[in-house]
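# Report on the structure
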Amino acid sequence: MNIVNPSLHQKQLEFEDNQFLVSLFGSHDKNLKVLEEKFQVKLYNRGNLLSIKGKRDPVEKAYFIIEGLYNRLKNKNMSQEDLEQNIDLAKPDYIKEQIEQDNKYMIATKSKAIYPKTKNQEKLIRELQTKDIVFAIGPAGTGKTYLAVAYGVSLFVQGKINRLILSRPAVEAGERLGFLPGDMKEKIDPYLRPLYDSLYEMMPGEEVDRRVLNNAIEIAPLAFMRGRTLNKSFIILDEAQNTLPTQMKMFLTRLGKDSKMVITGDLSQKDLPDNVKSGMLDAIEKLEKVKDIGFVHLNSSDVCRHGLVEKIINAYDK
């Protein structure tokens with residue numbers, strides 16, 4: 001009979017680049033013993049995976065510091081001095097300060113807690129917390145829609161809103177709804193699939209389905225917003241680069257009492273004809289000096305998908 005030690009705790013980190021672990025442990029693992037003594041844990045690595053085992057508090061601290069160390073140093077050449085200086089930050093006061101900072105920007109959804117991974121993502125959450133209308137502009141994979149949906153779900157969980165409304169313009173690569181097969185729901189679902197995907201990550205699937213049925217969560221094309229006043233709601237307009245200026249004005253003026261709006265898009269991915277101005281660009285130009293509206297610009301350094309995505313974006317930008 002195996003007796004499990006209840007005080008034993010384990011966490012695992014996965015790195016995109018296993019060279020980080022090689023640098024962290026040093027040649028022939030010369031740093032390994034030093035790290036284990038400093039953190040009071042046991043460290044095991046295989047490829048780009050690092051397992052941390054020991055008592056709960058030391059494991060959590062080691063996990064926090066090593067993850068932070070990786071995020072700080074992954075985009076630059078690491079020297080031994082860099083590693084030693086950053087590992088020395090594993091002091092209780094620093095850890096406490098960083099945990100408090102992380103909690104400040106933590107988004108609690110039904111399924112998990114979500115933290116910003118970059119400074120611009122942190123700025124986006126700060127703007128969501130303080131402004132009623134926020135524009136998040138940036139390329140694919142920067143987390144703009146994901147964080148917006150997460151923040152909306154967190155307000156739902158806290159009872160601060162009655163409805164979560166997710167919308168997109170039904171303009172993709174020149175297609176029009178009338179030419180697509182099926183009824184209206186079948187026509188618009190492909191456009192709204194990314195929003196569904198984010199929702200199902202934040203809430204149990206059966207709860208999402210139930211709230212969609214009773215209209216507490218509404219996922220609809222932009223045209224369905226006309227003529228409405230949206231009170232005590234969190235409203236997201238995704239792919240906003242594909243709106244016309246008249247559509248954007250219509251959408252922004254739907255804002256009602258105790259509501260918030262987030263407009264997300266990538267101006268480099270406009271599917272409108274070349275001679276048609278994007279409603280998102282038009283709104284940015286007209287509203288950028290309105291102090292109660294937030295604008296957050298994300299870029300390739302904020303990409304949180306596969307490491308190649310950042311390289312692809314940079315190549316296309318050139």
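Residues numbered from 1 in each chain as written. Predicted model: local features only at pLDDT ≥ 70, side-chain atom pairs only at ≥ 80, totals over all residues. Heavy atoms only, no water.

Turning our attention to the pairing of strand β7 (residues 163–168). Most of β7 sits inside the fold, with five of its six residues counted as buried. Strand direction decides the pairing type here: β7 and strand β9 (residues 233–237), joined by five bridges, are parallel. If you follow Leu164 over to β9, its bridge partner there is Phe234. With five bridges connecting them, β7 and strand β8 (residues 217–221) associate as parallel partners. Bridged to Leu166 within β8 is Ile219. (Buried < 20%, exposed > 50% of the residue type's maximum accessible area, 1.4 Å probe, protein only. Helix = DSSP H or I, 4+ residues; strand = E, 2+ residues; numbered from the N terminus. Pairing = 2+ DSSP bridges.)

What follows covers the confidence of the model for the protein. Considering every residue of the protein, the mean pLDDT works out to 80; 78% of them sit at 70 or more. Confidence, read as mean pLDDT per element, is least for helix α5 (residues 92–104) in the protein (56) and greatest for strand β6 (residues 133–137) (97). (pLDDT = per-residue confidence, 0-100.)

Moving on, we get to helix α6 (residues 119–130). Every α-helical turn comprises 3.6 residues, leaving residues that sit three or four positions apart pointing alike. Between the first and last C-alpha of α6 there are 17 Å, a value that for 12 residues agrees with the 16 Å anticipated at 1.5 Å per step. Turning to α6, its buried residues are Gln121, Glu122, Leu124, Ile125, Glu127 and Leu128. (Expected span 1.5 Å × (residues − 1).)

Although it is not a glycine, Asn215 sits at a positive phi angle of roughly 70 degrees. You can see Asn215 is positioned in the loop between α9 (205–213) and β8. Assessed through its relative accessible area of 48%, Asn215 is described here as partly exposed. Not every positive phi belongs to a glycine, and Lys232 is a case in point at roughly 45 degrees. Its place among the elements puts Lys232 in the loop between β8 and β9. Assessed through its relative accessible area of 30%, Lys232 is described here as partly exposed.

We now examine the packing of helix α10 (residues 245–252) against helix α11 (residues 279–287). One way to put it is that α10 packs onto α11 with a least axis distance of 7 Å and a crossing angle of 65 degrees. Here the hand of the crossing between α10 and α11 comes out right-handed. Every residue of α11 that contacts α10 at Pro245, Met248 and Leu252 is listed here: Gly279, Met280, Asp282, Ala283 and Leu287. A breakdown of the residues in the contact of α10 with α11 according to their chemical character gives six nonpolar, one polar and one charged. (Axes fitted to C-alpha atoms, helices over the stretch in contact; angles between N-to-C directions. Left-handed = near helix turned anticlockwise from the far one by under 90°. Contact = heavy atoms within 4.5 Å. Nonpolar A, V, L, I, M, F, W, Y, C, P; charged D, E, K, R; others polar.)

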